[in-house]
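# A closer look at the structure
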Amino acid sequence: MIVLGIETSCDETAAAVVTDAREIRADVVLSQLDDHTPYGGVVPEIAARAHLEHLDGLIRRAMAEAGVGFGDLDAIAATGGPGLIGGVIVGVMTAKAIAAARDLPFVAVNHLEGHALTARLTNDVAFPYLLLLASGGHCQLLVVEGVGRYRRLGTTIDDAVGEAFDKTAKLLGLGYPGGPLVEQAAARATNPGRFALPRPLVGRPGCDFSFSGLKTAVRRHVEEVGAPLSDADRDDLAAAFQSTVAEVMADRCARAIARFKADHPQGGALVVAGGVAANKTLRARLQILADREGMPFVAPPLRLCTDNAAMIAWAGIERFRLGESDPLTFAPRPRWPLDPTAAPVIGRAGVGSGVKA
């Protein structure tokens, strides 16, 4: 089975060709970083116009790299949400047009499910497993019981972790995007223990996250040190922030593991996915936790942590081989929770939006 995947949910335009033998024949991603950096974040209208301008060319490039034509495809999969609605519309309409012209099945993929199932593409992870989904718009702990079967154990009650990275980078004058810039600054720190930061919800019951107070504490330290920050100030604060985030997330994951093991004593893997999963400090901390708990730890290759179309094509394959596809009347969805039965979080209206900070 060969599937073309299309991803346009935020600020990466991507196309990929993937087979049901877990072979990524082509994986093309065009970043819009230069378009959005002057604004310190993603501008939805600019993102949608960039998707419209570049998507057709990326699809042609992916097909050429894969050595396939439209006649070789078995289905078209595209991100149907959640995300910036203008971009999602561009991807969905392009996929529908190809499907209609070539009489191919169309599969609308939940972008979050793409992240959730990436470990099955890269490592053939068996169900069930425990997933930490951490990105610019999301921070959730989920039990992945099967394709389309997700049970949320915890989520952020305020900022997503990637959003906290972006805002901390802005406070430190590092620029955008925050995640890799904070990680680079932290690696240069000469006194990483210099600044003490709060550890929100550590030791508390439950599996929810909170990062707004941590971001506020960084701002207070910046104000206390005074402008302009020296390179040492900036690097030490970045290191304190990154290590605190890793500690908080490990604590929340440990509590989720206890619940996961109670429900699934036969075991399963601890999986991390999403853009923040590319952070090496977080990956190392979760590896230690998984080893302690006797669980396999799976983190996708760095290039498959950030938004890409290979994960969308694979999620489409997972659904399509179960006999699932979508009508061409499918409407793009700006919000699309993986666990629709989970109670909403008060004060967190943005959860499920897919919008990056």
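What comes next is a walk through the structure. These numbers were taken from a predicted model, which means no experiment stands behind them. (Residues numbered from 1 in each chain as written. Predicted model: local features only at pLDDT ≥ 70, side-chain atom pairs only at ≥ 80, totals over all residues. Heavy atoms only, no water.)

Turning to the packing of helix H4 (residues 111-123) against helix H10 (residues 310-320), a few remarks are in order. The geometry of a pair of packed helices is captured by two quantities: the angle between their axes and the separation between those axes. Axis separation between H4 and H10 bottoms out at 8 Å; the angle between their running directions is 85°. Classified by the angle their axes make, H4 and H10 are roughly perpendicular. Taken together, the residues of H10 that come into contact with H4 (itself represented by His111, Glu113, Gly114, His115, Leu117, Thr118, Arg120 and Leu121) are Ala310, Met311, Ile312, Trp314, Ala315, Glu318 and Arg319. Class assignment for the residues of the contact of H4 with H10 results in seven nonpolar, four polar and four charged. (Axes fitted to C-alpha atoms, helices over the stretch in contact; angles between N-to-C directions. Helix = DSSP H or I, 4+ residues; strand = E, 2+ residues; numbered from the N terminus. Parallel < 35°, antiparallel > 145°, perpendicular 65-115°, else oblique. Contact = heavy atoms within 4.5 Å. Nonpolar A, V, L, I, M, F, W, Y, C, P; charged D, E, K, R; others polar.)

Between its first and last C-alpha, helix H3 (residues 85-102) extends 26 Å over 18 residues, near the 26 Å set by a 1.5 Å rise per residue. Among the residues making up H3, those that are buried are Gly87, Val88, Val90, Gly91, Val92, Thr94, Ala95, Lys96, Ile98 and Ala99. Considering only its buried residues, H3 is in contact with strand E1 (2-7), helix H2 (44-66), strand E4 (75-81) and strand E5 (106-110). Two residues or fewer past H3, Asp103 is found with a positive phi of approximately 55°. (Expected span 1.5 Å × (residues − 1). Buried < 20%, exposed > 50% of the residue type's maximum accessible area, 1.4 Å probe, protein only.)

Moving on: the nonpolar core. In this structure, Leu132, Val161, Phe211, Phe241 and Met249 are the most contacted members of the largest nonpolar core, which totals 52 residues. For this core, the elements supplying multiple residues, two or more each, are strand E6 (129-134), strand E7 (139-146), helix H5 (161-171), helix H6 (178-187), helix H7 (212-225), helix H8 (231-263), strand E9 (270-273) and helix H9 (280-293). Of the residues forming this core, the biggest block, 12 residues, is contributed by H8. Here Met249 is in contact with Leu132, Ala134, Cys139, Val161, Phe209, Phe211 and Leu282, once residues within four sequence places are set aside. The next biggest cluster of nonpolar side chains, apart from the first, holds 34 residues, and it includes Ala14, Ala119, Ala273 and Leu338. (Core = buried A, V, L, I, M, F, W, Y, C linked by side-chain atoms within 4.5 Å.)

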